[in-house]
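Spelled out from the first residue to the last, the chains are:
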Amino acid sequence: MTGSDPRTASSAAPLTGPAAPCWVTLMTRNLERAQRFYGQVLGWSFRPGRLGADFSVAFRGGIPVAGLFAVSSAYQVAVAWTPYFAVEDANVAASRVRERSGTVAVGPLTLGKGRGVLASDRDGASFGLWQRTEPSTSPPPADHAHAWLRLRTRDAFDAAIFYGEVLDWASGRPGACDVAYEGDEVIVRCSGHPLARISSGAVEAAADPLVRPHWQVQFPVADLAATVAAAEEHGGALVEDRTGFGGTEVALRDPDGALFAVTDVPSPA
């Protein structure tokens, strides 16, 4: 995803202000296998995280881009990629989620240099909130295109209202993210950078996880065909090949079942 690691430093897209996408985390069953897969497919390297042997941070070009966390099969936690959004007060943001019929599953909890929340919106799409309580020691990266987000939801306009009220989008506050309506979709821009796209058409009761409401983490790559081939060679699977927004995005499943996407589109705009 996109910004300041909830446990280490700045990441893919910069933490440019309140409610900007700031990080992505993969919950996986097998950390070693996940590191091997994403290292071979996306060219990432890894360093141990500060939360023990079950956590690591992925780097690309020396910049942290994602967190990987191994969860025991004893816990009822979905294997999935989850985006986090920066907030000024995790308690306030969590209360706003509940007040608007969303669900707070975990937190707020103190983790490293901040406080985190794991939640879902009223259509069931999971996301996280992150309040940094200590200053970051890493400078913001110059490249904003390590990852971006796409929310597939029941109704883009309704979802934009939910996240806008929870995260203060389009509030006019300094540094707040703006939303732009384009047809039946919404683009989220933070400090002028397009970081997320919200589209309608998801079905809550669908058997296919790609059709149910969810936040999809998309990683831009230089060679889409080579990346897809590498994913299939190393135990992943192609789920959906979709053309749109001036390019192609391919939904993939990693060896542990987590869905993500690679795209030749450099930004959500």
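Described in the following lines is the structure provided in the data block. Because the structure is predicted, anything quoted here is derived from the model rather than measured.

## Observations regarding the overall build of the protein
Consideration 1: Along its length, the protein carries four helices and 16 strands.
Consideration 2: By sequence separation, contacts in the protein at least 24 residues apart represent 59% of the contacts at least 6 residues apart.

## Points about the layout of surface pockets
Consideration 1: Considering only enclosed or pocket space, the largest pocket measures out at about 960 Å³ in volume.
Consideration 2: Met-27, Ala-78, Ala-80, Thr-82 and Ser-126 are the residues nearest the centre of the largest pocket, which is lined by 38 residues in total.
Consideration 3: Secondary-structure elements contributing two or more residues to the lining of the largest pocket are β1 (21-28), β5 (80-86), β6 (103-111), β7 (114-120), β13 (214-220), β15 (247-253) and β16 (259-263).
Consideration 4: The leading source of residues in the lining of the largest pocket is β5, at five residues.

## Re the environment of Asp-123
Consideration 1: With respect to the helices, strands and loops of the structure, Asp-123 is situated in the loop between β7 and β8 (126-132).
Consideration 2: For Asp-123, a relative accessible area of 9% puts it in the buried group.
Consideration 3: In sequence terms Asp-123 and Glu-204 are 81 residues apart; their C-alpha atoms lie 6.7 Å from each other.
Consideration 4: Discounting residues that sit within four places of it in the chain, Asp-123 has contacts with Thr-153, Arg-154, Asp-158, Glu-204 and Pro-213.

## Focus: the nonpolar core
Consideration 1: Core analysis: the biggest nonpolar cluster contains 59 residues, and Tyr-38, Trp-44, Trp-81, Phe-127, Tyr-163, Trp-215 and Val-262 have the highest contact counts within it.
Consideration 2: Setting aside chain neighbours within four positions, we find Tyr-38 in contact with Leu-26, Gly-43, Trp-44, Phe-46, Trp-81, Asp-254 and Phe-260.
Consideration 3: In terms of nonpolar packing, the next biggest core, distinct from the first, is built from eight residues, Trp-23, Val-57, Tyr-84 and Ala-86 among them.

## A look at the packing of aromatic side chains
Consideration 1: Taken as a whole, this structure holds 21 aromatic pairs when the rule is applied.
Consideration 2: Centre to centre, the rings of Tyr-38 and Trp-44 are 5.6 Å apart; their planes meet at 15°, and the pair counts as stacked. Comparing Tyr-38 with Trp-44 shows no difference in burial state: the two are buried.
Consideration 3: Here the aromatic rings of Phe-127 and Tyr-163 are separated by 5.2 Å at their centres, their planes lie at 65°, and the arrangement is edge-to-face. In this pair, Phe-127 is assigned in strand β8 and Tyr-163 in helix α3 (residues 156-167), connecting sequence segments 36 residues apart. The pair Phe-127 / Tyr-163 is uniform in exposure class, with both members buried.
Consideration 4: Taken together, the ring pairs in this structure connect Phe-37, Tyr-38, Trp-44, Phe-46, Trp-81, Phe-219 and Phe-260 into an aromatic cluster.

Criteria and thresholds
- Residues numbered from 1 in each chain as written.
- Predicted model: local features only at pLDDT ≥ 70, side-chain atom pairs only at ≥ 80, totals over all residues.
- Heavy atoms only, no water.
- Helix = DSSP H or I, 4+ residues; strand = E, 2+ residues; numbered from the N terminus.
- Contact = heavy atoms within 4.5 Å.
- 1 Å grid on protein atoms, 1.4 Å probe; cavity = no way out; pocket = protein on both sides within 12 Å on 5 of 7 lines; lining within 4 Å.
- Points joined across faces, edges and corners; volume = space filled by probe spheres on them.
- Buried < 20%, exposed > 50% of the residue type's maximum accessible area, 1.4 Å probe, protein only.
- Core = buried A, V, L, I, M, F, W, Y, C linked by side-chain atoms within 4.5 Å.
- Phe/Tyr/Trp six-rings, centres within 6.5 Å; stacked < 30°, edge-to-face > 60°.

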